[in-house]
Structure formats: C-alpha cells, structure tokens
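Architecture at a glance
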Amino acid sequence: MRVRHREHHRTERVGWLRAAVLGANDGIVSTASLLLGVSSANATHGDVLIAGVAGLVAGAMSMAAGEYVSVQSQADTEEADLALEHRELLLDPSGEHKELAALYVGRGLDPALAKQVATQLMAHDAIGAHARDELGISENLSARPIQAALASAGSFAIGAALPLVTATIVPETSLIPVVTGTSLVFLAGLGGLAAHAGGASVMTGAMRVTFWSALAMGLTAGVGTLFGSAG
C-alpha cells in the first residue's frame, strides 16, 4: 500500500521544542533578573555587563549539562528496558506474543484479531512492536541527550543575549526600565510562540510566561535594592 502523504504532528518536535523553549525562557529571565539585581545594588554599568556576560556563559553551560544528564538518564532507562525485552523475546517468544495480544485486546480489539495483529507485528519487527506498544518508546519521542543539551545551551545563550545587548546599548540611567520592558516583550512573544507551536492558546501562553517572569525580575530587583541600600 502506497502512502500518499505523511502527517506532521506536534509531538514529533516535543523533545527539542521543550528544551529550546525552556532554555530561551530561562536565558531571558535569569539574565534580565541578574542585570536588574546588580543594577539595583548601585553597581557601575561595567559591573552590570560583566555580571550579565558571566551569567550567560555559566547559564548556558549549566543548562547543557543539566539537560544532558537528565535526558541521558532517560535514554539509559529506555536502553535497559529494550535490553530486557530482547532477552524476554529470546527466552519466551510465546509469552511475549500473548502479552502483546493482551494489550491489543485491552485497547478494544477482538481476541482473535489481536492475536493476528500481534503475530504480524512481531514477524515484522518484534522489538519495535513491544517498545512502542508495551513500553511507550517510539522514534519520535525517544530520548536524545546531545540534541537536548545543544538546544538548551544554544537557546539559553540566545535568550540571555537579548537583555544583555539591550543593557549594553541603553544608558545606565535607563537600564532598569528598558531591560525590564524589552525582556517582558521578548518573553511574551516566546510564550505565545511556544503555545502556538504546541497547539495551545497564544494569549494564555504569553500571559503565563509574562506573569512569572515579571515576578522573578521584581523579586531580584528588590534584593538588589535591599543590599544596595544596606551597603
């Protein structure tokens, strides 16, 4: 049977999209908050920019390392489960056939048809059938640690660069209001874009990101003001 077209679903990009959105959002929020906090503590313009660059580098590396370790743990778990399925298929293929057929019966197939489907799928790709239908592991959703790490680090650096470039351009006296305003605009756009890519409400996504980001910036600026006054 010839397939006329291949449908493109949003779940196909969920892995890299999650990492990229998380990285960019964290880059903007953390760097903007850092700039605001240091600036509120009456630091010089140069000190504010140095803190921003250091935050960009440290944050990007931290995101990459954290994402890699997290997703690699998922990949290790998937590999261990697949190895177990390989052994079970070698030692007890009949039992694995029954197990697969029972899954299809549970999903609504007639027992006779379920056995037939299990037989044909196992003849075509036994481990693939069990990985997909028993373990929930598919090619589109499988763990890709390198991809996730690069997406997180790259998107964090891009996100962090936005408030940092803004702070570099604007004069010291306008840094706090301009960095705050532009960062919230960037974040609202990012939240809306992420929601659109995931098929959710653009307005809800933008408002959700903007609210929590504004709260983080406000708290950080408050801490900077407190320590600046104390000094």
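Residues numbered from 1 in each chain as written. Predicted model: local features only at pLDDT ≥ 70, side-chain atom pairs only at ≥ 80, totals over all residues. Heavy atoms only, no water.

With respect to the overall build of the protein chain
Helix and strand counts for the protein chain stand at seven helices and zero strands. Overall, the protein chain shows an N-to-C arrangement of helices and strands of α-α-α-α-α-α-α. The buried share of the protein chain, reckoned over its 231 residues, is 35%. Taking contacts inside the protein chain between residues at least 6 apart in sequence as the whole, the part at least 24 apart equals 75%. Surface accessibility of the protein chain: about 13,300 Å² in total, with carbon and sulfur atoms responsible for 66%. (Helix = DSSP H or I, 4+ residues; strand = E, 2+ residues; numbered from the N terminus. Buried < 20%, exposed > 50% of the residue type's maximum accessible area, 1.4 Å probe, protein only. Contact = heavy atoms within 4.5 Å. Areas by Shrake-Rupley, 256 points an atom, 1.4 Å probe, with all protein chains shown as cover.)

Here we look at the packing of aromatic side chains
The relative placement of two aromatic rings is captured by the distance of their centres and the angle of their planes. Going through the model one piece at a time under the given rule, you end up with one aromatic pair. For the ring pair Phe211 and Trp212, a centre distance of 5.1 Å and an interplane angle of 80 degrees mean the geometry is edge-to-face. For Trp212, a relative accessible area of 55% translates into the label exposed. (Phe/Tyr/Trp six-rings, centres within 6.5 Å; stacked < 30°, edge-to-face > 60°.)

Some words on the nonpolar core
In this structure, Leu35, Ala167, Leu175, Val179 and Leu187 are the most contacted members of the largest nonpolar core, which totals 22 residues. Filtering out sequence-adjacent residues up to four positions away, Leu187 remains in contact with Asn25, Ile28, Val29, Val209, Ser213 and Met217. Listed in part, the nine residues of the second largest apolar core include Leu100, Tyr104, Ala114 and Ile127. (Core = buried A, V, L, I, M, F, W, Y, C linked by side-chain atoms within 4.5 Å.)

A word on the side chain of Ser155
With respect to the element layout, Ser155 can be found in helix α5 (residues 145-169). A distance of 2.6 Å separates a polar atom in the side chain of Ser155 from the backbone oxygen of Ala151. (Polar contact = N/O pair within 3.5 Å; in protein donor to acceptor, adjacent residues only side chain to side chain.)

Notes on the packing of helix α2 (residues 45-91) against α5
Interhelical geometry of α2 versus α5 gives an angle of 165 degrees and a closest axis separation of 8 Å. One element, α2, and the other, α5, form an angle in the roughly antiparallel class. Judged by the twist between their axes, the crossing of α2 over α5 is right-handed. Classifying every residue of the contact of α2 with α5 gives 20 nonpolar, seven polar and one charged. (Axes fitted to C-alpha atoms, helices over the stretch in contact; angles between N-to-C directions. Parallel < 35°, antiparallel > 145°, perpendicular 65-115°, else oblique. Left-handed = near helix turned anticlockwise from the far one by under 90°. Nonpolar A, V, L, I, M, F, W, Y, C, P; charged D, E, K, R; others polar.)

A closer look at α5
With 25 residues, α5 extends 36 Å between its outermost C-alpha atoms, agreeing within 8% with the 36 Å of an ideal straight helix rising 1.5 Å per residue. If you look at α5, its biggest bend is around 25 degrees, right at Ala161, and the proline Pro163 turns up within four residues after that. (Expected span 1.5 Å × (residues − 1). Bend = angle between axes of the 7 residues up to and from the residue.)

Considerations on the confidence of the model for the protein chain
Residues of the protein chain with pLDDT of at least 70 account for 87%, and the chain-wide mean is 83. Per-element mean pLDDT across the protein chain ranges from 82 in helix α1 (residues 14-40) up to 90 in α5. (pLDDT = per-residue confidence, 0-100.)

Digging into the UniProt feature "transmembrane region" (unreviewed entry) in the protein chain
Residues annotated by UniProt as "transmembrane region" (unreviewed entry) correspond here to residues 148-169, 175-197 and 209-230. Between the first and last C-alpha atoms of residues 148-169 the distance is 32 Å; the span itself is 100% helix and 0% strand. (UniProt positions renumbered as here; feature names shortened; annotations may be inferred.)

Overview of the side chain of His45
With respect to the helices and strands, the residue His45 is situated in helix α2. For His45, the side chain forms a polar contact with the main-chain oxygen of Ala167, separated by 2.8 Å.

As for helix α3 (residues 93-106)
In a regular helix each residue adds 1.5 Å, so 14 residues correspond to 20 Å; α3 covers 20 Å between its end C-alpha atoms and thus fits that length. Of all the positions in α3, only Glu96, His97, Leu100, Ala101 and Tyr104 are classed as buried. Down the axis of α3, the buried side of the element spans an arc of 135 degrees, and every buried residue falls inside it. Exposed side of α3, more than 90 degrees from the buried face: Lys98 and Gly106 are the residues found there. Close packing links the buried residues of α3 with α2 and α4 (111-135). (Arc of directions from axis to C-beta.)

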